Amino acid sequence: MTVAEQVGRRTPHPDRSIDLRSAIVVPDLRAVVADNEGRHQGAVIGALGTALAEHGWQTAVVADHDRGAHVDRVAALALARPYGDGPAGVLDRGSVGSTLTTDTSPRASDPHGLGVTVGALAAPRQATIVEIGDVAWAEAAGAGRAARRAAVAGADVALAAVTQGLGPNDLLIVLASTAPSGREQPTPFLLVGPGVRPGLAESATTRRAGYVTLPDVAPTILDALGIPVPAAMNGTPITADAAGGGARERIATLRSAIAEARFVDRATGVFLVTLPIVFSSWALLALLAAVLPLGRFRPAARGFVRWMGLVVAVVPITTYLLGAVSVRTWGQPAWSGAAWTLAALIGGAAWWLRPPVRSVLAVSALLWTVLVVDVATGGALQFGTVLGNSPTVAGRFAGMGNNAFSLLAASTLVLAVAAWQAVERRRPGGPALLAAGAVFAVAIAIDGAPGLGSDVGGVLALGPVAALTMWSLSGRRTSWRRAAAGLAGTVGVLGLLTLVDLSRPARSQTHLGRLARRLTDGGGGGDVVIRKGLAALASFRASSLVWIPISAALLAGLLWAFARPQVRALLERPLARTLVAGGLALALLGTALNDSGVMVAAMMATVLVPAALHVLLSEPDGVGAAPGSAP
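For clarity, every value in this text was computed on a predicted model and none was experimentally measured. (Residues numbered from 1 in each chain as written. Predicted model: local features only at pLDDT ≥ 70, side-chain atom pairs only at ≥ 80, totals over all residues. Heavy atoms only, no water.)

> How would you explain the nonpolar core if you had to name every residue and give the values?
In terms of nonpolar packing, the biggest core is built from 102 residues, with F271, W282, W335, L559 and L613 touching the most fellow members. What L559 contacts, discounting residues up to four positions off in sequence, is L287, A290, R564, V567, L613 and L616. A47, L52, L79 and A127 belong to the second-largest nonpolar core, a separate cluster that totals 22 residues. (Core = buried A, V, L, I, M, F, W, Y, C linked by side-chain atoms within 4.5 Å. Buried < 20%, exposed > 50% of the residue type's maximum accessible area, 1.4 Å probe, protein only. Contact = heavy atoms within 4.5 Å.)

> Mind laying out helix α20 (residues 576-593), listing which residues take part and the relevant values?
For α20, spanning 18 residues, the distance from its first C-alpha to its last is 25 Å, which sits close to the expected 26 Å at 1.5 Å a residue. Among all positions of α20, only A576, T578, L579, G582, G583, L586, A587, G590 and T591 are buried. (Helix = DSSP H or I, 4+ residues; strand = E, 2+ residues; numbered from the N terminus. Expected span 1.5 Å × (residues − 1).)

> Give me the lowdown on the packing of helix α3 (residues 47-54) against helix α7 (residues 217-224), citing residues and values where you can.
Put simply, α3 and α7 touch, their axes get as near as 10 Å, and they point 10° apart. With respect to α7, the element α3 is oriented roughly parallel. Two secondary-structure elements touch here, α3 through L48, A51 and L52 and α7 through A218, I221 and L222. Residues that form the contact of α3 with α7 fall into these classes: six nonpolar, no polar and no charged. (Axes fitted to C-alpha atoms, helices over the stretch in contact; angles between N-to-C directions. Parallel < 35°, antiparallel > 145°, perpendicular 65-115°, else oblique. Nonpolar A, V, L, I, M, F, W, Y, C, P; charged D, E, K, R; others polar.)

> Now, about the side chain of T220: what can you tell me, with residues and values included?
Structurally, T220 can be placed in helix α7. Discounting residues that sit within four places of it in the chain, T220 has contacts with L191, T236, P237 and I238.

> If you had to explain the sheet that holds strand β1 (residues 24-26) to someone new, which residues and values would you point to?
With antiparallel pairing, the three strands of this open sheet are ordered in space as β1-β6-β5. Looking at strand neighbours, the two that pair on one side only are β1 and β5 (81-82), the edges of this open sheet. (Pairing = 2+ DSSP bridges.)

> Before we move on, can you summarise the packing of aromatic side chains with the specific residues and values?
Evaluation of the coordinates by the stated rule reveals eight aromatic pairs. Ring geometry for W351 and W352: centres 5.0 Å apart, planes at 90°, overall edge-to-face. With relative accessibility at 19%, the residue W351 sits in the buried group. When its relative accessible area of 65% is taken as the criterion, W352 is described as exposed. Taking the ring centre of F383 as reference, the NZ or CZ of R208 above it sits at 4.3 Å. (Phe/Tyr/Trp six-rings, centres within 6.5 Å; stacked < 30°, edge-to-face > 60°. Lys NZ or Arg CZ within 6 Å of the ring centre and 35° of its normal.)

This is the structure we're talking about:
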């Protein structure tokens with residue numbers, strides 16, 4: 001008895017419109033669905049096949065899946081739809097036999113067999129998926145470089161054979177769903193057909209020419225066929241950006257970008273381990289410099305610790321600055337050396353400023369200016385950099401990333417308080433509050449505006465802290481009523497930004513507008529929130545940056561235990577408590593409201609903790625010299 005016959009007999013309420021004699025059956029579709037339940041991906045398996053069938057389109061698969069007693073129809077999952085109330089899924093027709101490939105080792109596609117099979121299955125109003133797995137088969141067999149190159153060439157010939165029968169109205173999509181050798185990196189994508197102009201692929205999901213995501217493929221197919229895209233689909237239709245140059249030039253550019261992304265990903269892993277080690281070492285030195293009686297070495301020791309703290313605060317922004325140039329040819333040691341050397345030079349220049357609080361303001365101003373200008377001008381430094389948006393991780397291709405938000409929020413808090421104090425000396429009252437509010441307003445606009453930062457979690461974290469800080473600067477006490485008002489105002493701002501995004505064409509909307517539509521359409525928007533929350537919790541276990549807030553908490557506790565008079569003197573300075581309360585609130589809200597979780601608090605700590613220790617250890621022109629001169 002065939003698999004199709006078994007499914008037909010065992011399925012309650014079978015779909016009589018499907019002829020199982022010619023259909024391709026995926027026996028375990030329901031098992032795949034069950035395996036994905038609880039993952040909160042916000043997508044429905046089988047949505048593409050179901051949408052096609054509901055609008056009169058057939059589905060087919062051509063892939064070498066059945067070898068002996070082994071049935072593994074993975075490729076068919078792309079177009080399968082549930083069959084009745086049973087566990088199986090179906091496609092209307094196809095070929096899954098071993099005649100599509102050679103019997104060589106490693107096996108390879110048979111171009112003639114593929115071409116003939118695809119031609120025989122061709123039909124009007126049909127979507128067909130064809131698997132050409134030569135490279136994957138070669139790598140699975142452990143083939144060498146020569147065999148792998150032969151596999152690539154064979155795949156090209158097989159693809160040419162498949163496309164020979166295409167008509168002028170056929171849409172062709174060529175993609176690699178996973179990278180070769182399990183190596184995480186961007187993979188090729190090609191779209192050819194009616195209405196598709198030459199250029200680099202892009203989508204509203206990425207908002208970046210040359211990059212699309214796998215969830216964008218299904219909406220692209222439905223959009224091309226004039227079928228409404230269901231809310232259950234996460235992606236957006238793919239279009240073409242009219243990039244200059246010919247096809248060879250564009251391919252060369254993308255290959256270079258992939259090589260750059262692979263290097264940056266490796267550099268990221270090293271940096272995210274190095275930074276906590278350096279921060280923790282600096283925290284230990286800062287503790288010793290604060291509590292030990294160092295005698296005549298005390299000024300030098302504290303000066304070194306203050307400089308090292310400024311280096312820690314500056315080095316994250318140097319990774320963005322290095323993103324302005326190609327670094328893959330440097331090699332890992334050279335890149336790390338350049339990042340830390342540049343930070344050391346900038347930190348040294350800031351160290352010489354007097355009074356010491358100006359060093360803190362200079363570093364904060366540098367971070368704030370670089371991030372604001374970068375996002376306002378397209379975010380070139382946000383993409384493909386160590387602390388930016390990685391094309392491999394693919395959490396975000398445009399806008400303000402979580403690490404960048406953390407640095408922006410921390411520097412915004414410092415600069416807003418400094419702006420208030422600077423204006424308060426000359427024009428107290430409303431003008432001073434307006435100056436602080438302007439700093440917060442620019443940061444929130446850059447971080448949250450559609451087409452710029454598009455950062456939902458960042459707005460929700462920065463908005464309440466901005467309100468609480470403004471009340472503190474105005475001399476008003478914080479209350480639950482005022483906190484609720486600040487939260488309501490933040491939600492109002494986010495709602496306004498969402499309306500702005502929804503007013504734009506669907507192809508231009510960011511994830512802010514798409515999330516709103518999913519929530520209103522019942523398309524699994526809640527899954528997005530749950531998934532991000534679970535990711536935030538997982539960060540405490542998965543991210544090496546967790547050691548930064550741990551080190552900061554230990555440093556604070558030990559300083560309070562062994563250097564309490566100095567800490568109290570610092571907290572008694574004008575506005576110090578406002579900064580401490582604002583920093584803690586930012587860290588807590590940022591961690592809770594962003595899927596990067598503890599990484600947000602860690603990146604904020606790299607700015608705020610060295611800033612506080614720089615002032616604490618700055619004698620004699622620091623704590624006791626001019627208590628009213630700076631925050």
